[in-house]
Amino acid sequence: MSFNGQNLQPFGPEIWIADGPVTSFYGFPHSTRMTVIRLSDGSLFIWSPVTLSTGLSAAGDALGPVRHLVSPNALHHLFLAEWTSAYPKARLYGSPRLRRKRRDLSFNAELGDAPEPAWAGDIDQVVLHGSFALTEIVFFHHHSRTVLFADLIQNFPRDWFEGWRGVAARLGGIVAPHPSAPRDWRSSFLNRRAARRHSRACSRGRSSGW
Ligand SMILES: [Fe+2]
């Protein structure tokens, strides 16, 4: 299925992924990928939307109405304006820091530890606090048993970065076959107590059906 000019790949029951263009992050090439979840009411939950193109409408109609545009952290915001223009009736959700960073966007709600009523039956979530650099909301899709991490866990192919960037990426711990939280961000979790508390909330969630 063509979606957004990209291939929309089934990932599990009621969940799809689509890859977008490569972007630059401080000179490092970063791939982009979004996730589409169809909620029980038939509407679509779009996580980290990638760039939008003309193939969107047909594929969107085929899957269901786009109702929720979700940015999990303050780094995943580059394509939100395209989506809010194309889907003015969709609700936009962002992390606390992103709302301050992108005052040009009209967010309908700020993401917290409690899932929005609109998706609470399908998706759970927790805010991973404790870092001065990155606050990310981690989601869990019950039906497919999929956890959605954006930047907290990274896993680039071994040959993705070239030269000194490849060395830096390996030292940073973001290269296959050992996906992990980048070391620089790990060290930004100065409030370890808060991070542990929220990590435990994730773990409890998993053991109780997450
Ligand atoms: Fe990212």
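Description of the structure in this document.

Concerning the coordination of the iron ion
Donor atoms from the polypeptide that coordinate the iron ion comprise H76 (NE2), D151 (OD) and D151 (OD), at 1.9 to 2.7 Å from the metal. Pair noted here: H76 is in the loop between β8 (66-70) and α2 (80-86) and D151 is in the loop between β13 (146-148) and α4 (163-172), with a separation of 75 residues, a long-range link. When its relative accessible area of 8% is taken as the criterion, D151 is described as buried.

Overview of the environment of S106
Tracing the backbone shows S106 in the loop between α3 (96-101) and β10 (109-110). Once the C-alpha coordinates of S106 and Y93 are considered, the two residues, 13 residues apart in sequence, prove to be 9.1 Å apart.

A closer look at the pairing of strand β7 (residues 44-47)
Neither face of β7 is left uncovered, since the one carrying L44 and I46 and the one carrying F45 and W47 both have all their residues buried. The antiparallel pairing of strand β6 (residues 33-38) with β7 creates a hairpin that spans 5 residues between the two strands, and G42 there sits at a positive phi of about 90°. Taken together, the 4 bridges between β7 and β8 define a ladder with parallel strand orientation. Residue pairing for β8: L44 is matched across the bridge by V66.

Some words on the pattern of salt bridges
Working definition: two side chains of opposite charge can pair if their charged atoms are close together. Taken as a whole and assessed by the stated rule, the structure comprises 5 salt bridges. Residue R33 is joined to D19 by a salt bridge in which the shortest nitrogen-to-oxygen separation is 2.6 Å. Placement of the pair is R33 in strand β6 and D19 in strand β3 (residues 15-19), with a sequence separation of 14 residues. A salt bridge links R99 to E110; the shortest N-O distance between them is 3.8 Å. With a gap of 11 residues between them, R99 in helix α3 and E110 in strand β10 connect regions that are remote in the sequence. Classification of E110 by relative accessible area gives partly exposed; the value is 39%.

As for the layout of surface pockets
Approximately 1100 Å³ is the volume found for the largest pocket. Class assignment of the residues belonging to the lining of the largest pocket gives a composition of 22 nonpolar, 13 polar and 4 charged.

Section: α4
Among the residues making up α4, those that are buried are G166, A169 and G172. Projected down its long axis, α4 shows its buried positions confined to an angular sector of 130°, all on one face. Opposite the buried face of α4, by more than 90 degrees, sit the exposed residues G163, W164 and L171. G173 occupies a position one or two residues after α4 and carries a positive phi of about 75°.

Some remarks on the environment of A133
Within the secondary structure, A133 sits in the loop between β11 (123-128) and β12 (136-141). In the structure, A133 is positioned 55 residues away from S188 in sequence and 6.0 Å away in space, judged by C-alpha atoms. With residues up to four places along the chain from it excluded, the contact list for A133 reads R97, W185 and S188.

What to know about the pairing of β6
When β3 meets β6, the two strands line up antiparallel, connected through 5 bridges. If you follow D19 over to β6, its bridge partner there is R33. Where β6 and β7 come together, 4 bridges link them in antiparallel fashion. In the strand pairing of β7, R38 is matched with L44.

What counts and what doesn't
- Residues numbered from 1 in each chain as written.
- Predicted model: local features only at pLDDT ≥ 70, side-chain atom pairs only at ≥ 80, totals over all residues.
- Heavy atoms only, no water.
- Donors = N, O, S within 2.8 Å, 3.2 Å for Na, K, Ca; no water.
- Helix = DSSP H or I, 4+ residues; strand = E, 2+ residues; numbered from the N terminus.
- Buried < 20%, exposed > 50% of the residue type's maximum accessible area, 1.4 Å probe, protein only.
- Pairing = 2+ DSSP bridges.
- Salt bridge = Lys/Arg side-chain N within 4 Å of Asp/Glu carboxyl O.
- 1 Å grid on protein atoms, 1.4 Å probe; cavity = no way out; pocket = protein on both sides within 12 Å on 5 of 7 lines; lining within 4 Å.
- Points joined across faces, edges and corners; volume = space filled by probe spheres on them.
- Nonpolar A, V, L, I, M, F, W, Y, C, P; charged D, E, K, R; others polar.
- Arc of directions from axis to C-beta.
- Contact = heavy atoms within 4.5 Å.

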